[in-house]
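# Structure assessment
The lines below spell out each chain.
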Amino acid sequence: MNNKQRTPRRGPGVPVEKAKNFKEAIKRLLKELKGYKVFIIISLILACFGAILSISAPNRLTKLTDEISKGLVINTKNLEKVTKQITTNMTNSLPSVLQMNISPTIMMDQSISLEDKNKLSDALKNNKYNEIPDSILNKILTDTYYKGVLVTKTDKINMLKNGIIPGNLKDVIFDDITIDNVKITSSDQVEFLKVLSTIDKNSKNTKVYKKLDKLPKSIRLLIEPNMNMKKIKKITIYLIIIYIISALFTFIQSLIMTTVSNKFAKDLRNNISKKINKLPLKYFDKHQSGDILSRITNDVDTLSQTMNNSLASLVTSITLFLGSLFMMFYTNYIMAITAVISSLFGFIFMGKILSKSQKYFKERQEELGNLNNVIEETYSSLNIVKVYNGKNICDEKFDKYNEKVYKANKMSQFLSGLMMPFMGFIGNFGYVCVCIVGALLVKNDMITFGVIVAFMVYIRLFTQPLSQMAQGLTSLQSAAAASERVFEFIDEEEFKEDKVSKVIDIDAAKGNIEFDNIVFTYDGNDKPTINGFSAKVKHGQKVAIVGPTGAGKTTMVNLLMKFYDIDSGDIKIDGVSIKDLSKENIRKLFTMVLQDTWLFDGTIKENIIYNRENISDERVKEICKNVGIHHFIKTLPKGYDSNVSDNDTISSGQRQLITIARASIKETPFLILDEATSNVDTRTEELVQNAMDKLTKGKTSFIIAHRLSTIKNADLILVMKDGNIIEQGNHNELMNKNGFYSELYNSQFEI
Amino acid sequence: MIKLIKNLTKKDYIYALISLILIVIQVWLELKMPDFMSKVTILVESDGSKMSEILLNGLYMMLCAFGSLISTIIVGYLVANISASFSLITRKKLFEKVENLSIAEVKKFNVSSLITRTTNDITQIEMLIAMGLQLLIKAPITAVWAVSKILNKNFTWSMATLIAVLILLTVIAILTIIVVPKFKIVQKLTDKLNNSARENLTGIRVVRAFNAQDYQENKFDKVNTDLTNQQLFNQRTFSIMQPVMYLTMHTLTLSIYFIGALLIKDSILSDKITLFGDMVVFSSYAIQVIMSFLMLAVIFMILPRASVSAKRINEVLDEEITIKEGNVTKSKEKGTVEFKNVSFKYPDAEEYLLENISFKANKGETVAFIGSTGSGKSTLINLIPRFYDATDGQVLVDNINVKDYKLESLYNKLGYVSQKAVMFDASVSDNVSYGNNGKKKTKEEIKKAIEVSLAKEFVEKLDDKYESHIAQSGTNISGGQKQRLSIARAIARNPEIYIFDDSFSALDYKTDSLLRKNLKKYTKDATILIVAQRIGTIMNADKIIVLDEGKCVGIGTHKELLKTCEVYKQIALSQLSKEELENE
């Protein structure tokens, strides 16, 4: 748990870890991605196409709108045609209907004013009989027959003045006319004239349309807006196809990217896992395991997520951005400039907010880290905090950082929350600007309405990808940082291959070891840890290495097992220098039990057998009986199949015994116990020692121990101090010497 | 979740109320916008309209957009306040609760889990409030409002919208049902992967000593493959989401337009223009409706995660504190510890860890406890500072039951040193003078304590001597040094009773014995209780209590026990030779 804070969720404004060298990191990443090149390119092309399709779609949508809006405008051409035909129809037949008796006497009639007379002549000249003054009409009209139908004087006056045509006349006055295959009957024509006479040309469109709705069906058919349904259907189908294709592209694209990024992540993780076993141990002296683990999970995750989400969306948004920019300028440059300027204005503002919020996010991360430290410290030392009445001190510290986190939280949450509404506002702002400028241009006949509609869509397409691009770039940056960390590890120098020239067979090994003037210095240390160590160990001997902490006891074992390479001097196993042997060969010869009880997640049996094959259950039981844990294991609910990790009942002492059992299963000529029994109490230790003694009979064993009591019966005790052997011999010899060993030994009993 | 939200202050509630009102205004403005938008659209389209009218409506629309922006900003500020305040209050509450938990309860939860609960879990909910609260209020309001706006406009369009919403919700529901449970599996596999790698790292020497590199790599590869396959399944399934979402939204707009075209075609002239306007407005409302349903879906996706966190936090907050304080602050006696028939078992356990322990430590005496691993020595000594309470019997300090003390008063009597040396992120002298015992510790006292605990030599070698900084968990000093400083911390308190819980283990024999000599000299009157593994450490105690499987199998001095107590004899023999024992 310590120092491994979960990476915060990425969001707008969250500070990103920046790569030391962005270009190099990306280059290295690309190199690694070579195997997936084809898939990635296909996927990016699909993303690109998808974006292009979504740019072309609004264009079509505009056409659809245009086409529909055509359905709003009446067919003026037909209206004029109808009007003209009907009027001519009427004018042509009118004289014969009226049968006006216009004799010269009228002109002389004194009862008629001169003005009226002038009107009459004008009216006759223009064939506008309804403009003939009433005084004259009365005189010139009489009841007559037209085509066998009686037309009274009153009918005639009514016709002229009020436009009312008597029913019986309708059929005889207007001949049926046919326009565009539509037959307009005489009564329809009469109706038309009636409606037309009520229309005021200056009234609003909607009012006019309402009146037009009263027109007879035949005429309505002619003048009603003509919507090209065929075309509309065609556009709709076209659009649906585009949408489906673009959805398919997106789907396929993300399928490919998902597969590629996951496979890539898997490979990377496996590479890291393999790399762990190829690095020299000295690497792990300098690097924490938490750091390496976070490369396996966090960094690889960041990489695969960036590939999965950001890469495609970055390509899509760049295409969208450039595409809509191009389309805008292609369609109309004035409108394009308006759109760009209006959104630019917003983005500058937003950029300012973002850069400001970075500061708060950084602060938030820092303060959160501090707070977590306080929490961790308090919780893990709660017993001390309690007994020392230290609550106040902890509370004070906690409150201080909690308050700081609160302040930083407030500001950072607030500022990062602004991003979305601002995006929305910029979209709306651009929309209005485009509408207004567009309307101005339409007024001046510089563009058509469709252009505005297109721009309404373009402005949205244009503003959307900008924020996505910003996000994509940030995640690319953190991906670069992650890739740097991952590849730094993968490219780490591996241990040198052994120059194997000899092999010691495990069955043929005798068990002699000779240390010859060994010098070894840990990386970064000035002083050698082992300085001129020499000793001879004969087969079957039990050798104890004792000495104060830091004397180099464990280091000796590390060198013997070839975990580290010796600077100078040599170790010979049965006369063969370990430099000539492979690591695997050496390690096959040794059984080793370490101080830290390393058990892995698995059953007890699995832990004991480990990587050895063909080990029977009986063998496992036998070993456990020897070590003295058989009984304990039997008391566990699942016995040998109990899981180690979720079993709190296994104490550290018992864990140590399991590791000893694991080591005992292997029959080897050499045995190393590096503080192997430090966690068990002294009584148990004795039991284990006895078991081990049985096992190691005839084998060469090395025992490193703190407790001097455990090594008293060793054949040879090597007393180490400052990397060298200062005394050697068996217990009694060393005690008689009255030197360092006896001093060390006696100090146990001092009060 | 609701329970946690109740912790908020009045101010937060007022903020929430204002946010609610502002969000209503915001929704109103946002739904108003399409009206103006369509007005502008129609105006631009029809021939007779004046420029001034377009400008006016454009201005209205801008005002709406701006008003909604302002309201969003204010709401954002308020919500940020609420969420930050939530984590401030809840974290504080949780922290204080944990401080008051007894060690048994802490163990039950596990320290690292408690840390995660106080940090990550709270952050999770804070995130939900910060992101979700607005959505949670806004989405339903928008959905209802937008639906009511379009509901009466046209049946066919409404049906189209309904179908689109249903399609989306179905897709989301199916995905959620399929994938969300799998997320837990991914989390488990990630942990497993981590474990597998950690295993290899921590056991690197064992792995190499056993030539088990391939074994480990295969194990890792297996988990890795499982994880990758599960991830692939999840992500592949989820990649349907986005295309379906966009496709549905686009198709809806298109359907509304197409239906609109049909309607316009069949309607009488005067209705056509109104229909066209309605169509434009409807399509934008329909998108709003869909968006608000999507928002709701998002909330339902984050909600489970946050509610798991809330549950984990509540578990701690609801944990009953079993250690209840008494009110005794003073005692007549000084420096005595007595156990009267004390038994102890963990609440759920069947077997007793300690059975029927009785002994008394008088003022100035040194009492030692010895026994093999798991014999209950540490548990016994932990009953004194009430890390656990005795199940039966009485633990008396200065002849008063520890349960009757005010904890602070009890603790002021004690100088406790734990098995694992604890260091705080502070200076050496702050670490030594840590805590409160009612008295102020002078610089001299601190120096003296450091001297007694044999830490003076190394402290004075540090760069800033007594003011040198010690890193968290004392990572910049050695184990032995830590142990000496933590002993100095107990000495600086000048307590009546010292409790050493195997606190000398990291010291070599020489330092161990010298330190105890110093201590005895410095604290003549103090009672000392020592738990130890080494016979050497306790040989000279006034009283040695031998424990075996929770039972007291012997009380007496070293010499007495050698004669009377078989267990003691065995322990002694495993460490010293017969001759050495006889020499004593």
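Cut-offs used in this document
Residues numbered from 1 in each chain as written. Chains lettered and ligands numbered in written order. Predicted model: local features only at pLDDT ≥ 70, side-chain atom pairs only at ≥ 80, totals over all residues. Helix = DSSP H or I, 4+ residues; strand = E, 2+ residues; numbered from the N terminus. Rg over C-alpha atoms; globule rule 2.2 N^0.38 Å. Buried ≥ 20, exposed ≤ 12 C-beta atoms within 10 Å, placed from the backbone. Contact = placed C-beta atoms within 7 Å. Nonpolar A, V, L, I, M, F, W, Y, C, P; charged D, E, K, R; others polar. Domains from an automatic or database assignment. Core = buried A, V, L, I, M, F, W, Y, C linked by C-beta atoms within 7 Å. Pairing = 2+ DSSP bridges.

The next subject is the overall build of chain A. Each helix and strand in chain A was counted, giving 27 helices and 14 strands. A globule of 751 residues ought to have a C-alpha radius of gyration of about 27 Å, yet chain A, at 50 Å, is considerably larger. Principal axes of the C-alpha set define a box for chain A whose edges measure 175 × 60 × 50 Å. In chain A, buried positions account for 42% of the 751 residues. Taking the intrachain contacts of chain A between residues at least 6 apart in sequence as the baseline, contacts between residues at least 24 apart amount to 77%.

The next point concerns the interface of chain B and chain A. On the chain A side, the residues contacting the 127 residues of chain B number 123 residues. Class assignment of the residues belonging to the side of chain B that touches chain A gives a composition of 59 nonpolar, 49 polar and 19 charged.

Time to look at the domain arrangement of chain B. Per the domain assignment, the segments making up chain B are domain 1 (2-318) and domain 2 (337-583). Here domain 1 of chain B and domain 2 of chain B have C-alpha centroids that lie 56 Å from each other.

Counting 329 residues, the largest nonpolar core has Val434, Phe455, Tyr458 and Ala544 of chain A together with Ile499, Leu529 and Ile530 of chain B as its most contacted members. Considering every element that reaches this core, the biggest residue donor is helix 17 (residues 391-443) of chain A, with 24 residues. Excluding anything up to four places from it in sequence, Ala544 of chain A contacts Ile703, Ala705, Ile711, Ala714, Ile717 and Leu718 of chain A. Residues Met90, Val97, Ile165 and Ile219 of chain A belong to the second largest nonpolar core, which totals 28 residues.

All names here are of chain A. Looking at the element boundaries, Asp176 is found in the loop between helix 8 (167-173) and strand 3 (177-179). With 14 C-beta atoms counted inside 10 Å, the residue Asp176 sits in the partly exposed group. Remark: the alpha-carbon pair of Asp176 and Glu131, spanning 45 residues in sequence, is separated by 26 Å. The contact partners of Asp176, leaving out residues within four places of it in the chain, are Lys183, Ile184, Thr185 and Ser186.

Structurally, Lys625 of chain A can be placed in helix 22 (residues 617-627). Residues Lys625 of chain A and Ile436 of chain A, 189 residues apart in the sequence, show an inter-C-alpha distance of 92 Å.

The subject of this paragraph is unusual backbone geometry. All names here are of chain A. Even without being glycine, Asn517 reaches a positive phi, approximately 50°. With respect to the helices and strands, Asn517 occurs in strand 5 (residues 513-520). The exposure class assigned to Asn517 is exposed, which follows from the 12 C-beta atoms found within 10 Å.

Quick look at the pairing of strand 5 of chain A now. Residues and elements named next belong to chain A. Bridge count for strand 5 against strand 6 (residues 530-537) is six bridges, and the pairing is antiparallel. Residue pairing in the sheet places Ile513 in a bridge with Val537 of strand 6. As paired strands, strand 5 and strand 8 (residues 568-573) are joined by five bridges and run antiparallel to one another. When the sheet's bridge partners are listed, Glu514 is paired in strand 8 with Lys572.

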